[in-house]
Amino acid sequence: MALQDGQLYPFAGRRMALLEQNFHDHQVELFMGLRNPGSFVPKLLMSLPEQARTDAIRNTDLSCLSWIGMIEDIRDLAPSVQITLWGNEDTPFIWGDIIRALAGLSEDTPLEDEHDLLLSLLDETGRSEVLTLTDQDSAQSKASLHENMARIFDDHAQPEEIEEELHLPGWSTEIVDAFSELYEQDLERLGTIPGVRVLKP
């Protein structure tokens, strides 16, 4: 049901509308980590039985899949729902921001061990560098902190922790790259939709 009618999660709008109706005295919020369709779609399809996978590929223009349609449906059918999104690929860098958003905490609320997810993906040298970085003067800007963490991640991420194989026949690196470019554009566009907040590093 996550992939029908040429759209990702085509029933999301209707389901959020039902939630909004059932909890009409409350502010309903949706928090969702999005994933690059270039890696999400083949994983989704390969989880299906062979006949269902064949039918989905035959009846869906995979090249047009985007998160935009799902979010626009939710905004149209459940306009009062507040939506917070982030790229799942950014989660290790913004885990603290996600938790603060979910809990309704201010952006400067300190969290214990908020970088543990990132640390779990790094080799020993990378972990040491991140710990040294986070022990420094907290006056450093968030942008500077994220930039340095991204550099450490690029240099010290453990391949076995971050790489995944995509086994869908015909799904090439070129297809993933094309989806990646569109995905980045979609995240920028989603951030301009009223009622939608996109968390970024």
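Thresholds applied
Position numbers for residues start from 1 in each chain and track the written sequence from start to end. A pLDDT threshold of at least 70 governs which residues receive local features in this predicted model, and a stricter bar of 80 or more applies before side-chain atom pairs are shown or counted, although totals over entire chains, interfaces and linings include all residues. Hydrogen atoms and water are omitted, and side-chain values are computed over all heavy atoms in the structure. Only centres within 6.5 Å qualify two rings of Phe, Tyr or Trp (six-membered ring in Trp) as a pair; their planes then separate them into stacked at under 30 degrees, edge-to-face at over 60, and tilted for everything else. Each helix is a run of H or I in the DSSP string that is no shorter than four residues. Each strand is a run of E no shorter than two, and both are numbered from the N terminus. Buried means the residue's accessible area, taken with a 1.4 Å probe over protein chains only, is under 20% of the maximum for its type, while exposed means over 50%, and partly exposed covers the values in between. When DSSP finds two or more bridges between two strands, those strands count as paired. Only C-alpha atoms enter the line fits that serve as axes; for helices the fit covers just the stretch in contact. Angles between N-to-C directions range over 0 to 180 degrees. Working rule for helices: expected span equals 1.5 Å times residues minus one. The arc in question is formed by the directions pointing from the helix axis toward the C-beta atoms. Each nonpolar core is a collection of buried residues, namely Ala, Val, Leu, Ile, Met, Phe, Trp, Tyr and Cys, held together in the definition by side-chain atoms within 4.5 Å. Whether two residues touch is decided by their heavy atoms; if any such pair falls within 4.5 Å, the residues are in contact. Salt bridges are defined as contacts in which a side-chain nitrogen from Lys or Arg sits within 4 Å of a carboxyl oxygen from Asp or Glu.

> Just checking my understanding: could you explain the packing of aromatic side chains for this structure?
Counted by the stated rule, this structure contains five aromatic pairs. With a centroid separation of 6.4 Å and an interplanar angle of 25°, the aromatic rings of Y9 and F40 are classed as stacked. Here the residue Y9 occupies a position in the loop between β2 (7-8) and α1 (12-22), and F40 occupies one in helix α2 (residues 37-46), the gap between them amounting to 31 residues. Judged by relative accessible area, Y9 falls into the partly exposed class, the value being 32%. Ring-pair connections join several aromatic residues into one group, and the members of that group are Y9, F40 and W67.

> How should the sheet that holds strand β5 (residues 196-199) be read in this particular structure?
Hydrogen bonding along the main chain pairs the strands of a sheet, whether they run parallel or antiparallel. Spatially, the three strands line up as an open sheet ordered β3-β4-β5, and their pairing is parallel. With one partner strand each, in any of the chains shown, β3 (29-34) and β5 form the two edges of the open sheet. Across this sheet, the average inter-strand angle for adjacent strands is 20°, counted without regard to direction. Pairing geometry for strand β4 (residues 82-87) and β5, over four bridges, is parallel.

> Just to check I follow, could you spell out helix α8 (residues 142-156) for this structure?
Note on helix geometry: an α-helix contains 3.6 residues per turn, so any two residues three or four positions apart are oriented the same way. Taking 1.5 Å of rise per residue, 15 residues should cover 21 Å, and α8 covers 21 Å from first to last C-alpha, within 8% of that figure. Buried residues of α8: L145, H146, M149, I152, F153 and H156, and no others. Each buried residue of α8 sits inside an arc of 125° when the element is viewed along its axis, so together they form one side. α8 presents A143, E147, D154 and D155 as exposed residues on the side facing more than 90 degrees away from its buried surface.

> What exactly am I supposed to notice about the environment of I175 here?
Inspection of the secondary structure puts I175 in helix α10 (residues 173-190). On the basis of relative accessible area, I175 is assigned to the partly exposed category, the value being 27%. Considered as a pair, I175 and D123 are 52 residues apart in the sequence and their alpha carbons are 30 Å apart.

> I keep staring at the nonpolar core and nothing clicks. Help me out?
One broad trend across soluble globular proteins is that nonpolar side chains are buried collectively. Counting 36 residues, the largest nonpolar core has L34, W67, I71, L85 and L190 as its most contacted members. Those elements that provide at least two residues to this core are α1, β3, α2, α4 (68-77), β4, α10 and β5. In terms of residue count, the dominant contributor to this core is α10 (five residues). Other than its neighbours up to four places away in sequence, W67 contacts L8, Y9, M32, L34, R35, P37, F40, Y183, D186 and L190. Residues F93, I94, L118 and L199 belong to the second largest nonpolar core, which totals 17 residues.

> Help me out: how do you make sense of the pattern of salt bridges in this one?
For side chains bearing opposite charge, pairing can occur when the charged atoms are close. Under the definition given, this model contains six salt bridges. With a closest N to O distance of 3.0 Å, R58 and D55 form a salt bridge. Of this pair, R58 and D55 both sit in helix α3 (residues 50-59), three residues apart, which is roughly one turn of that helix. Using a relative accessible area of 57% as the deciding quantity, one classes R58 as exposed.

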